[in-house]
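Okay, here's what each chain looks like letter by letter:
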Amino acid sequence: MTTVTQSDLQELKDLIKTQNDKIEKLADKIDNIEKGQIRLEAKIDTYKPALDKIPDLAEKVGELKGWRALSLVIFSGFITSLYWLLRMGKL
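In what follows, the accompanying structure is described. Being a predicted model, the structure only gives us computed values, none of them experimental.

Describing the packing of aromatic side chains
Taken as a whole and assessed by the stated rule, the structure comprises one aromatic pair. Seen from their ring centres, tyrosine 83 and tryptophan 84 are 5.4 Å apart, and the 75 degrees between their planes marks the pair as edge-to-face. Taking relative accessible area as the criterion, tyrosine 83 reaches 47% and is therefore assigned partly exposed. Classification of tryptophan 84 by relative accessible area gives partly exposed; the value is 42%.

Some details on the environment of glutamate 41
Its location among the elements puts glutamate 41 in helix 1 (residues 2-52). The class of glutamate 41 is partly exposed, set by a relative accessible area of 42%. Through-space distance from the C-alpha of glutamate 41 to that of aspartate 52 is 16 Å; in sequence the pair is 11 residues apart.

So, the pattern of salt bridges
Under the counting rule described, the total for this entry stands at one salt bridge. Lysine 48 serves as the salt-bridge partner of aspartate 52, at 4.0 Å between the closest nitrogen and oxygen. Separated by four residues within a single helix, aspartate 52 and lysine 48 lie in helix 1, roughly one turn from each other. According to the relative accessible area criterion, aspartate 52 is partly exposed, its value standing at 47%.

What to know about a nonpolar patch on the surface
The grouping of Leu9, Leu12 and Leu15 at the surface amounts to a nonpolar patch, some 270 Å² of accessible area in total. Inspection of the secondary structure assignment puts leucine 9 in helix 1. Relative accessible area serves as the criterion here: at 41%, leucine 9 is assigned to the partly exposed category.

Some points on the environment of lysine 25
By the secondary structure assignment, lysine 25 is in helix 1. For lysine 25, a relative accessible area of 57% gives the class exposed. Distance from lysine 25 to isoleucine 38, taken between C-alpha atoms, is 20 Å for residues 13 residues apart in sequence.

Section: helix 2 (residues 54-88)
Over its 35 residues, helix 2 runs 50 Å from end to end, which matches the ideal 51 Å to within 8%, given 1.5 Å per residue. Following helix 2 by one or two positions, glycine 89 has its phi on the positive side, about 80 degrees.

Quick word on a negative patch on the surface
A cluster of acidic side chains, namely Asp21, Glu24, Asp28, Asp31 and Glu34, defines a negative patch on the protein surface. Secondary-structure assignment places glutamate 24 in helix 1. A residue is classified by how much of its surface remains accessible, and glutamate 24, at 51% relative accessible area, is exposed.

What counts and what doesn't
- Along each chain, the written sequence defines residue order, and numbers are assigned to residues from 1.
- Owing to the predicted nature of the model, reporting of local features is limited to residues with pLDDT of at least 70; listing and counting of side-chain atom pairs is limited to 80 or more, with chain, interface and lining totals taken over all residues.
- Think of the side-chain values as coming from all heavy atoms in the structure, minus any hydrogens and water.
- Aromatic rings from Phe, Tyr and Trp, taking only the six-membered ring of Trp, are treated as a pair when their centres fall within 6.5 Å; an angle between ring planes under 30 degrees marks them as stacked, one over 60 as edge-to-face, and anything in between as tilted.
- Relative accessibility under 20% of the residue-type maximum defines a buried residue, over 50% an exposed one, and the middle range a partly exposed one, all with a 1.4 Å probe and only protein chains included.
- Helix and strand assignments come from DSSP, with helices taken as H or I runs of at least 4 residues and strands as E runs of at least 2, each series counted from the N terminus.
- Should a side-chain nitrogen of Lys or Arg be within 4 Å of a carboxyl oxygen of Asp or Glu, the pair is scored as a salt bridge.
- Each patch is assembled from residues with relative accessible area greater than 30% and no salt bridge, linking like charges that lie within 9 Å and nonpolar side chains (Val, Leu, Ile, Met, Phe, Trp, Tyr) that lie within 5 Å.
- Working definition of accessibility: Shrake-Rupley area with a 1.4 Å probe, residue cover restricted to the visible protein chains.
- In this analysis, the expected span of each helix is defined as 1.5 Å times one less than the number of residues it contains.
- Asp and Glu count as negative and Lys and Arg as positive, but His and the ends of the chain are not part of the count.
- Taken as the charge location is NZ of Lys, CZ of Arg, CG of Asp or CD of Glu.

This is how it looks when you write it as structure tokens:
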């Protein structure tokens, strides 16, 4: 009966060792994930000032689109006037 108990104890010890190895591997993976999270947070912190400027830049681009449209209308009007003046021979 003692040999069965000894082998059972040995199986339990082996099981505990394998479980401890698995736990250590999981702990290593968790550490790697935490390190990656820290790196991502650092990158986000470096991009944050640029990201905060996006609404201002979008507003400026919107303003430029208005000026661009106005300048396009004026330019096309100028070109059309030159065309008609040249066609009529007044220039």
